[in-house]
Amino acid sequence: MATTDKPFLSDVQELRRRARRHIEAGAVTESYRGDRETVIKLLNEALATEIVCVLRYKRHYYMAAGIHAQAVAEEFLEHAGEEQGHADLIAERITQLGGEPVLNPDGLLTRSHSEYVEGKGLVDMIKEDLVAERIAIDSYADMIRYIGEDDLTTRRMLEGILATEEEHADDLRILIQALGKDEGRG
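Definitions and limits used
Residues numbered from 1 in each chain as written. Predicted model: local features only at pLDDT ≥ 70, side-chain atom pairs only at ≥ 80, totals over all residues. Heavy atoms only, no water. Helix = DSSP H or I, 4+ residues; strand = E, 2+ residues; numbered from the N terminus. Buried < 20%, exposed > 50% of the residue type's maximum accessible area, 1.4 Å probe, protein only. Contact = heavy atoms within 4.5 Å. Areas by Shrake-Rupley, 256 points an atom, 1.4 Å probe, with all protein chains shown as cover. Salt bridge = Lys/Arg side-chain N within 4 Å of Asp/Glu carboxyl O. Core = buried A, V, L, I, M, F, W, Y, C linked by side-chain atoms within 4.5 Å.

Here the focus is the overall build of the protein. Across its full length, the protein holds 6 helices and 0 strands. In the protein, the order of α-helices and β-strands from amino to carboxyl end is α-α-α-α-α-α. By residue count, 39% of the 186 residues in the protein fall in the buried class. Long-range pairs, those at least 24 residues apart, make up 78% of the contacts in the protein with a sequence separation of at least 6. Roughly 11300 Å² of accessible area belongs to the protein as shown, and the carbon and sulfur atoms make up 53% of that amount.

On to the pattern of salt bridges, then. One pass over the structure, following the stated rule, counts 9 salt bridges. Here arginine 155 makes a salt bridge to glutamate 159, at a shortest N to O gap of 3.3 Å. One end of the pair, arginine 155, and the other, glutamate 159, are both in helix 6 (residues 152-185), 4 residues apart, so they sit about a helical turn from each other. With a relative accessible area of 36%, glutamate 159 lands in the partly exposed category. What emerges from the salt-bridge pattern is a single network uniting Glu149, Arg155 and Glu159.

Below, the discussion takes up the nonpolar core. Within the largest apolar cluster, 41 residues are counted, with the highest numbers of intra-cluster contacts made by Leu43, Phe76, Ile90, Ile126, Tyr140 and Leu158. Only helix 2 (36-63), helix 3 (69-96), helix 5 (122-147) and helix 6 provide two or more residues apiece to this core. Excluding anything up to four places from it in sequence, isoleucine 90 contacts Leu43, Ala46, Leu47, Glu50, Tyr140, Met157 and Ile161.

To continue, consider the environment of isoleucine 147. Structurally, the position occupied by isoleucine 147 is in helix 5. Linking isoleucine 147 and threonine 38, residues 109 residues apart in sequence, is a C-alpha distance of 9.7 Å. Leaving out residues up to four positions away in the same chain, isoleucine 147 has contacts with Val39, Thr154, Arg155 and Leu158.

Here it is, written out as structure tokens:
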């Protein structure tokens with residue numbers, strides 16, 4: 001077991017004193033360094049983006065048709081469920097920060113970073129979902145860079161979501177490649 005000469009950075013008595021002040025703020029303590037209003041705004045945009053993605057994936061799940069439709073539809077449904085999970089995580093974090101998740105459908109597309117494009121045919125649907133995933137990847141990366149060290153919990157949550165969005169993008173890329181090869185044989 002390694003020992004370190006580095007002392008604990010916080011005075012325990014001071015931590016206890018600060019924890020009792022502003023107790024109504026819940027998880028947001030005096031050590032929170034982020035701009036809460038901006039972080040909540042960004043998270044509400046991310047929430048709208050996730051909801052739009054859920055809706056688009058669900059439509060694609062129900063509208064998938066053709067010889068490969070069943071396997072691709074299953075992928076759409078899996079992604080829709082994961083996007084819903086992201087929305088739930090984001091809404092929970094918004095409330096932890098003392099904000100309110102904006103779930104009003106009015107202005108949903110305006111708040112969302114991704115678009116809602118239905119697509120024509122299976123490959124087009126996959127391409128539209130891939131475009132949306134690429135938007136989400138860049139959007140989450142920007143948010144993570146903005147938050148930096150100021151809000152470690154939000155950053156960690158966004159990093160986890162980003163990793164899943166990258167997996168989705170890769171899944172969709174592979175589907176497009178596989179369907180392109182099959183179409184070339186027919």
